[in-house]
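Examination of the molecular architecture
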Amino acid sequence: HAGRGRLQLGGFEFADAVMLLSQDTAGAMSSGAFSGVIGGEVLRRFDVALAPALGYLALTPNSHFAQPFEFDMSGLALRAEPPDYRAVQVAGVRPQSPAAEAGLQPGDEIVMLDERPAGMLGLDAIRHLFLSAGRQYHLAVRRAADKLAMMLVTRRAV
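The text that follows walks through the structure, step by step, so that each part is easy to find.

The rules behind each value
Residues numbered from 1 in each chain as written. Predicted model: local features only at pLDDT ≥ 70, side-chain atom pairs only at ≥ 80, totals over all residues. Heavy atoms only, no water. Helix = DSSP H or I, 4+ residues; strand = E, 2+ residues; numbered from the N terminus. Buried < 20%, exposed > 50% of the residue type's maximum accessible area, 1.4 Å probe, protein only. Contact = heavy atoms within 4.5 Å. Salt bridge = Lys/Arg side-chain N within 4 Å of Asp/Glu carboxyl O. Patch = residues over 30% accessible without salt bridge, like charges linked within 9 Å, V, L, I, M, F, W, Y side chains within 5 Å. Areas by Shrake-Rupley, 256 points an atom, 1.4 Å probe, with all protein chains shown as cover. Core = buried A, V, L, I, M, F, W, Y, C linked by side-chain atoms within 4.5 Å. Pairing = 2+ DSSP bridges.

Here we come to the side chain of T154. Secondary-structure assignment places T154 in the segment after strand 10 (146–153). Among the residues examined, T154 registers a relative accessible area of 2% and is labelled buried. Contact partners of T154, with chain neighbours within four places excluded, come to M73, S74, P98, F130, S132, A133, G134, R135 and Y137.

As structure tokens, then:
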């Protein structure tokens, strides 16, 4: 489940953080040993010094600290495929999302995005593009032996 809310981390507070809360009843994300997982979207806002052997973690706000939190607006979970990690494959599609409405399916490979090779853009750049609402993207997709043209229009999910 994705939503927005207040996040306090040490002496730092974010009023409108995007959070993914697991509803898993089995597996690692169902553990009662922790309340959540802090990912890159939170940590990129800090310069991080970590000394695990000493139990030390220091967070110093950086230039990203005050930026608003955003969440993927495409509905796609993407992964880069070996050997060169340039093939961008759809790992998952959120139901009722722009990606689902466009007809994307797990296993599809995004070959082109707005006439630019997806492999040249890279996974991080593509994910960043999908953080803006109301953007229209023309995708060339490979599904098994078929090449498909799709249009994806991003919108805010949370």
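What follows is about the pattern of salt bridges. Evaluated as defined, the whole model comprises nine salt bridges. Across the pair E101 and R155 runs a salt bridge whose closest N-O atoms are separated by 2.9 Å. Of this pair, E101 sits in helix 2 (residues 98–102) while R155 sits in the segment after strand 10, and the two are 54 residues apart along the sequence. Residue E101 is classed as exposed on the basis of its relative accessible area, which comes to 55%. Taking the shortest distance from any N to any O, the salt bridge between D108 and R143 comes out at 2.7 Å. Here D108, found in the loop between helix 2 and strand 7 (109–113), pairs with R143, found in strand 9 (residues 136–143); they are 35 residues apart in sequence, far enough to count as distant. On the basis of relative accessibility, which here comes to 1%, the residue D108 falls in the buried class. Residue class for R143 comes out partly exposed when judged on its relative accessible area of 22%. Put simply, E41, R44 and R45 are held in one network by salt bridges that share partners.

Bringing a nonpolar patch on the surface into the picture now. A grouping of I38, L43, V48, L50 and L57 is seen on the molecular surface, where their side chains present a nonpolar patch of about 440 Å² in accessible area. For V48, the location among the structural elements is in strand 3 (residues 46–51).

Right, let's get into the nonpolar core. Note that soluble globular proteins tend to have their nonpolar side chains buried in a common cluster. Membership of the largest hydrophobic core comes to 19 residues, with the highest contact counts inside it found for L76, L78, L104, F130, L139 and L152. Of all the secondary-structure elements, those providing two or more residues to this core are strand 5 (76–81), strand 6 (87–93), helix 2, strand 7, helix 4 (123–129), strand 9 and strand 10. In contact with L76, not counting residues within four places along its chain, are V90, G92, V93, A99, L104, I110, F130 and L152. With 10 residues, the next largest nonpolar core counts L7, L9, A17 and F69 among its residues.

In this section: the pairing of strand 4 (residues 56–61). Pairing geometry for strand 3 and strand 4, over six bridges, is antiparallel. Bridge pairing in strand 4 places L50 opposite L57. Counting the residues between successive antiparallel strands, the hairpin from strand 3 to strand 4 contains four residues, one of them, G55, with a positive phi of roughly 70°.

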